[in-house]
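Each chain, letter by letter, is given below.
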Amino acid sequence: MTTRILPAVGDVDAARSVTTLLSQLPDAEPAAPVTDSTQLIDTLARLAGESLDDLPEVVLVHERIGPVPALELIREVSLRFPAIGVVLITADVTPGLFSSAMESGARGVVTLPLSYEELANRVQSAAQWSVGVRRHLTTGNDVFTGPGGTVVTVSGAKGGVGATVTAVQIALASQKSGRTVALVDLDLQTGDIGSYLDVQFRRSIVDLSTITDISPRVLSDAVFSHSTGLALLLAPNEGESAEEVSDRSARQIVSALRSRYEVVVIDCGSQLQGASAAAIEMADTALLVTTPDVIAVRGAKRVVRMWERLQIRKAEDTVTLVNRFIRSTEIQPQLIEKITGTTTANTAVPANFKELQAVVDAGRLHELDSKSTVKQALWALAGELGIVKVPEKAEKNGAKSIAKFKNDRGSLGRRRDRGGDSRNRQTTQGAS
């Protein structure tokens, strides 16, 4: 039997050494090394998207891989791709490290400097385990399968710009299109998703924070099944409990959710904590909500610069949504794009709080009228972000693929400058 092996080694010399030894293993088919954690996850997701049979039997993770630490990376791979045997390569041979590696999901540990016999034994053992799991995978109902869903985080440039309303509505749009959707409240101290959707539930994300092995059954116990079809993972009722959700536990929770749901929408609020930072770093799309006023735009710029300093997210990899947009406003989306260095969404949400007030006060945001221009804009945004299932007829029509979610009344496209340079220059000085 041929054993497919994918090494994840960032160091050039270590990669050369690993590749040389792997090429000597009998019946081994080593792939070219990937150099960081992001490339590894993307490669495995692409292979799994084509066919689960295309996944390698063994993944080797070097201790100095980054930016995600090796043990956390092993845990994420084990959760998202349970049929892969992961082996850690490390110079630390202490019992504590070995125990931590096993708890993270590793099937073996190889010590540095590498030896042929030890590497061969660990790879063979992990490969045999992988084959056995794949043989029984289709009969088990309590394992995660598949490459994982799409994660979208929604953050506010400051408080009150509409991040939670945005998160709720794009999650509803995705669910309505036929996808399985989890909506997570990671605004741990002041989260309001439960209030917006009229939910009282005794469990929260804190209940998952101390669990090292989040199985589907454990996850389902912490998730509230809403009448809309959304799976809700709520913030704790006691804000002080937020300290219990670390960045490490947030990574585990997000990995577990994306392995079970096609789309995971996370409301990160406007305050950056370790848990929300981890979610934003892991997200496929990081959405930053702002309003077209000087204070909010300054806040958006401040948030983006902080993400860059902390190496959480690059500005160009962030999508900015302009909420409460009025065509006559001084600050236009293209100006916000220039100030923040982000990409602004083509969809802008119109300023029309009267449409929202009744459902917000009643805690029934999911009952917002379909004729609402705010709802139409936010559902158009969901289509723009690619988290809605495209109808078969729309797929055949190509450009009309997301037509059912777009409406000119609600989706206000970016207005291009028409002789407004002097006005925008004045605003730039104030906002930046």
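An account of the accompanying structure is given in this report. None of the values given here were measured: they were computed from a predicted structure.

Regarding the sheet that holds strand S3 (residues 58-62)
Read from one edge to the other, the open sheet built from five strands follows the order S2-S1-S3-S4-S5, with strand pairing classed as parallel. Every other strand in the sheet has two partners, leaving strand S2 (28-30) and strand S5 (108-111) as the edge strands with one partner each. Going from strand to strand, the sheet's axes swing by 25 degrees on average, the running direction of each strand aside. Taken together, the four bridges between strand S1 (residues 3-8) and S3 define a ladder with parallel strand orientation. Note that in S3 the partner of Ile-5 across the bridge is Val-58. The strands that helix H4 (residues 95-104) touches are strand S4 (85-90) and S5; relative to S5, the one it contacts most, it runs at about 140 degrees.

A closer look at the sheet that holds strand S9 (residues 231-233)
Strand order in the open sheet formed by eight strands is S8-S9-S7-S10-S6-S11-S12-S13, and the pairing between neighbours is mixed. Each edge of the sheet is formed by a strand with only one pairing partner; in this case those strands are strand S8 (224-225) and strand S13 (343-344). Relative to strand S12 (residues 318-322), strand S11 (residues 285-290) is paired through five bridges, and the arrangement is parallel. By the bridge assignment for S12, Leu-288 is matched with Thr-320. The sheet strands contacting helix H11 (residues 294-309) are strand S6 (150-156), S11 and S12, and the helix crosses S11 at an angle near 155 degrees.

Examining unusual backbone geometry
Residue Pro-67 is reached from Gly-66 by a cis peptide bond, and omega for that bond is 0 degrees. With respect to the helices, strands and loops of the structure, Pro-67 is situated in the loop between S3 and helix H3 (70-80). The step from Leu-112 to Pro-113 runs through a cis peptide bond, and the omega angle for that step is 0 degrees. Position of Pro-113 relative to the elements: it lies in the loop between S5 and helix H5 (116-136). Notably, Asp-27 is not glycine yet its phi reads approximately 60 degrees, a positive angle.

Some thoughts on the packing of H3 against H4
Interhelical geometry of H3 versus H4 gives an angle of 25 degrees and a closest axis separation of 8 Å. The orientation of H3 relative to H4 falls into the category roughly parallel. Each of Leu-71, Ile-74, Arg-75 and Ser-78 in H3 lies in contact with H4, whose residues at this interface are Leu-97, Ser-100, Ala-101, Glu-103 and Ser-104. Residues that form the contact of H3 with H4 fall into these classes: four nonpolar, three polar and two charged.

Focus on empty space enclosed by the protein
Tallying each qualifying case throughout the model produces two cavities of 30 Å³ or more. Empty space within the largest cavity amounts to approximately 60 Å³. Contributing to the lining of the largest cavity are Glu-72, Arg-75, Glu-76, Leu-79, Arg-248, Arg-251, Gln-252 and Ser-255. Elements that contribute at least two residues to the lining of the largest cavity include exactly H3 and helix H9 (247-260). When its residues are assigned to classes, the lining of the largest cavity shows one nonpolar, two polar and five charged. Considered as a void within the structure, the second largest cavity measures approximately 30 Å³ in volume. Surrounding the second largest cavity, Val-184, Leu-186, Ile-205, Ala-250, Ile-253, Val-254, Leu-257 and Ile-266 form its lining. A total of four residues in the lining of the second largest cavity trace back to one element, the largest contributor, which is H9. For the lining of the second largest cavity, the residue count by class is eight nonpolar, no polar and no charged.

Re the side chain of Ser-209
Its place among the elements puts Ser-209 in the loop between helix H7 (193-196) and helix H8 (216-222). A distance of 2.6 Å separates the side chain of Ser-209 from the backbone oxygen of Val-206, its partner in a polar contact. Not counting the four nearest positions on each side in its chain, Ser-209 is found in contact with Glu-244, Val-245, Ser-249 and Ile-253.

What about the pattern of salt bridges?
Under the criterion given, the structure shown has 10 salt bridges. Across the pair Arg-179 and Glu-262 runs a salt bridge, and its minimum N-O distance is 3.4 Å. Residue Arg-179 is found in the loop between helix H6 (163-176) and strand S7 (181-185), and its partner Glu-262 is found in the loop between H9 and strand S10 (263-269); the two are separated by 83 residues along the sequence. By relative accessible area, Arg-179 is classed as partly exposed at 22%. One connected set of salt bridges, linked through shared partners, spans Glu-72, Arg-251 and Glu-281.

Considering a negative patch on the surface
Residues Glu-238, Glu-240, Glu-243 and Glu-244 make up a contiguous surface patch of negative charge. Assignment of secondary structure puts Glu-243 in the loop between S9 and H9.

Considerations on the pairing of S7
S7 sits mainly inside the fold: five of its five residues count as buried. Residues Val-181, Leu-183 and Asp-185 of S7 are buried on one face, and the alternating residues Ala-182 and Val-184, pointing to the opposite face, are buried as well. Here S7 pairs with S10 via five bridges, running parallel. Within S10, the residue paired with Leu-183 across the bridge is Val-265. As paired strands, S7 and S9 are joined by three bridges and run parallel to one another. Within S9, the residue paired with Leu-183 across the bridge is Leu-232.

Topic: helix H14 (residues 373-385)
The first and last C-alpha atoms of H14 sit 18 Å apart over 13 residues, in line with the 18 Å expected at 1.5 Å per residue. The N-cap of H14, judged by a side-chain oxygen 3.2 Å from the amide nitrogen of Val-374 a few residues on, is Ser-372.

A short note on the packing of H11 against helix H12 (residues 333-340)
Between H11 and H12, the shortest axis-to-axis distance is 9 Å and the interhelical angle comes to 35 degrees. Along this stretch, H11 crosses H12, giving a crossing that reads as right-handed. Facing H11, whose interface residues are Val-297, Ala-300, Lys-301, Val-304 and Arg-305, H12 presents Ile-336, Ile-339 and Thr-340. Residue composition of the contact of H11 with H12, by class: five nonpolar, one polar and two charged.

Cut-offs applied
Residues numbered from 1 in each chain as written. Predicted model: local features only at pLDDT ≥ 70, side-chain atom pairs only at ≥ 80, totals over all residues. Heavy atoms only, no water. Pairing = 2+ DSSP bridges. Helix = DSSP H or I, 4+ residues; strand = E, 2+ residues; numbered from the N terminus. Axes fitted to C-alpha atoms, helices over the stretch in contact; angles between N-to-C directions. Contact = heavy atoms within 4.5 Å. Parallel < 35°, antiparallel > 145°, perpendicular 65-115°, else oblique. Nonpolar A, V, L, I, M, F, W, Y, C, P; charged D, E, K, R; others polar. 1 Å grid on protein atoms, 1.4 Å probe; cavity = no way out; pocket = protein on both sides within 12 Å on 5 of 7 lines; lining within 4 Å. Points joined across faces, edges and corners; volume = space filled by probe spheres on them. Polar contact = N/O pair within 3.5 Å; in protein donor to acceptor, adjacent residues only side chain to side chain. Salt bridge = Lys/Arg side-chain N within 4 Å of Asp/Glu carboxyl O. Buried < 20%, exposed > 50% of the residue type's maximum accessible area, 1.4 Å probe, protein only. Patch = residues over 30% accessible without salt bridge, like charges linked within 9 Å, V, L, I, M, F, W, Y side chains within 5 Å. Areas by Shrake-Rupley, 256 points an atom, 1.4 Å probe, with all protein chains shown as cover. Lys, Arg positive; Asp, Glu negative; His and termini not counted. Charge placed at Lys NZ, Arg CZ, Asp CG, Glu CD. Expected span 1.5 Å × (residues − 1). Left-handed = near helix turned anticlockwise from the far one by under 90°.

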